[in-house]
Amino acid sequence: REKFRRVDHAAWTPPALVGDAEFSLDGPPVLPRFEDLAEVDERAAVEEEAFNGKVQIVFCSRTHTQLAQVLQEIRRIPADSVPEQLSVVTLGARSNLCINDSVRARANSGAMHLNDLCKKATEKSTQVGGCILKKQAQNMADAILTNILDIESMVQRGRAAVGGGCPYYGSRQAALEADVLLVPYASLVNNETR
């Protein structure tokens, strides 16, 4: 059966230059950085609001192994018994989903250090030591929503040369549109991941 996204990201167009900057004879215009554009925040707010009243089933468990077992049971349900385009998203910690080898190599003191390094790397973006995988998180969100993926499958898909991206941020984006969320208890208790 054919699956597709419910939100059309291709319909969004970048904002036009402000003022007379595009007609200046003084030199090339200084374009605003993509991260600084207010329209990006507005688009995210509109997208989040579109799913604000959405009914979701949240299944919590203590371990990822238990969540993987639930996912296996969902896969075993006959296709004619499952609602069409059912999206199941598994959420996990950065320690399980980070695929940036340089960040993982530097995170030698545990998950909290990995969280901090990940945040710093995504802020740096394309600079030396930065992580560009977050910019490709939408690719992962699309894959997660159209396929039922467990943690290991998300990591494998994130490492793919084509269609890969950050599984952590991709799963967070996909969570807005998901029908069923599989969540470890620790994610609900922690303020940052809730």
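All of these numbers come straight from a predicted model, not from anything done at the bench.

One pass over the structure, following the stated rule, counts two salt bridges. E73 is paired through a salt bridge with R76; the nearest N and O atoms lie 3.3 Å apart. With E73 and R76 both in helix α2 (residues 64–76) and three residues apart, the pair spans about one turn of that helix. A residue is classified by how much of its surface remains accessible, and R76, at 63% relative accessible area, is exposed. With its nearest N and O atoms 3.4 Å apart, the salt bridge here joins D101 to R159.

The next subject is the packing of helix α6 (residues 137–146) against helix α7 (residues 151–158). Between two packed helices, what matters for the description is the angle formed by their axes and the separation of those axes. Relative to each other, α6 and α7 sit at 140°, their axes nearing to 11 Å. Looking at the two axes, α6 sits oblique to α7. Of the two elements, α6 crosses α7, and the hand of that crossing is right-handed. Here α6 contributes M140, A143 and I144 to the contact with α7, which in turn contributes M154, R157 and G158. In terms of residue class, the contact of α6 with α7 is made up of four nonpolar, one polar and one charged.

Counting residues in each nonpolar core, the largest one holds 30 residues, and the members touching the most others are V89, I144, M154 and L181. Of all the elements in the fold, those that place two or more residues in this core are α5 (111–124), α6, α7, α8 (167–175) and β3 (180–184). Here this core gets five residues from one element, more than from any other, and that element is α6. The residues contacting V89, other than those within four sequence positions of it, are I144, L145, S171, A174, A175, A178, V180, L181 and L182. In this structure, V70, V82, V180 and L182 belong to the second largest nonpolar core, which totals nine residues.

Counted by the stated rule, this structure contains one aromatic pair. We note K134 situated over the ring of Y169; from NZ or CZ to the ring centre the distance is 4.4 Å.

With that out of the way, let us pick up the sheet that holds strand β1 (residues 57–61). Strand order in this open sheet of three strands is β1-β3-β2, and the pairing throughout is parallel. Of all strands in the sheet, those bounded by a partner on one side alone are β1 and β2 (88–90). Each neighbouring strand pair of the sheet contributes to a mean axis angle of 20°, computed without reference to strand direction. Pairing between β1 and β3: five bridges, direction parallel. Counted as the bridge partner of S61 is P184 from β3.

Of the positions making up α7, those classed as buried are I151, M154, V155 and G158. Along α7, the residues classed as buried sweep out an arc of 100° about the axis, all on the same side. Residues of α7 that are exposed and point more than 90 degrees away from the buried face comprise E152 and Q156. Taken together, the buried residues of α7 touch α2, β2, α3 (94–97), α6 and α8.

At a closest axis distance of 7 Å, the pairing of α6 and α8 adopts a crossing angle of 60°. The orientation of α6 relative to α8 falls into the category oblique. The two elements α6 and α8 cross, and the hand of that crossing is right-handed. Two secondary-structure elements touch here, α6 through A137, Q138, M140, A141, I144 and L145 and α8 through P167, Y169, G170, S171, Q173 and A174. A class-by-class count of the residues in the contact of α6 with α8 yields eight nonpolar, four polar and no charged.

With five of five residues buried, β3 is to be regarded as a mostly interior element. Alternating positions in β3 separate into two faces, V180, L182 and P184 on one and L181 and V183 on the other, with burial throughout. Bridge count for β2 against β3 is three bridges, and the pairing is parallel. The residue bridging V88 from the neighbouring strand is V180, located in β3.

Rules used throughout
Residue indices begin from 1 for each chain and proceed along its sequence in written order. Side-chain atom pairs in this predicted model are given and counted only at pLDDT of 80 or more, local residue features only at pLDDT of at least 70, and totals for whole chains, interfaces and linings cover all residues. Side-chain numbers come from the whole structure's heavy atoms, not from hydrogens or water. We define a salt bridge as a side-chain nitrogen of Lys or Arg found within 4 Å of a carboxyl oxygen belonging to Asp or Glu. Secondary structure follows DSSP: runs of H or I at least 4 residues long count as helices, runs of E at least 2 residues long count as strands, and numbering of each begins at the N terminus. Residue exposure (1.4 Å probe, protein chains only): buried if accessible area is under 20% of the type maximum, exposed if over 50%, otherwise partly exposed. To obtain each axis, a line is fitted to C-alpha atoms, and for helices this fit is confined to the stretch in contact; angles are then taken between N-to-C directions over 0 to 180 degrees. Working rule for angles: under 35 degrees goes down as roughly parallel, over 145 as roughly antiparallel, 65 to 115 as roughly perpendicular, anything else as oblique. Each crossing gets its handedness from the near helix: less than a right angle anticlockwise from the far helix is left-handed, clockwise is right-handed. In what follows, residue pairs with any heavy atoms lying within 4.5 Å of each other are defined as contacts. Three classes are used: nonpolar for Ala, Val, Leu, Ile, Met, Phe, Trp, Tyr, Cys and Pro, charged for Asp, Glu, Lys and Arg, and polar for all others, with Gly counted as polar. Side-chain atoms within 4.5 Å are what join buried Ala, Val, Leu, Ile, Met, Phe, Trp, Tyr and Cys residues into a set we call a nonpolar core. When two rings of Phe, Tyr or Trp (its six-membered ring) have centres within 6.5 Å they constitute a pair, described as stacked for plane angles under 30 degrees, edge-to-face for angles over 60, and tilted for the intermediate range. Throughout this description, the term charge over a ring refers to an Arg CZ or Lys NZ atom that lies within 6 Å of the ring centre and within 35 degrees of the ring normal. Note: two strands are recorded as paired if DSSP finds a minimum of 2 bridges between them. To be clear, the arc concerns the directions from the helix axis to the C-beta atoms.

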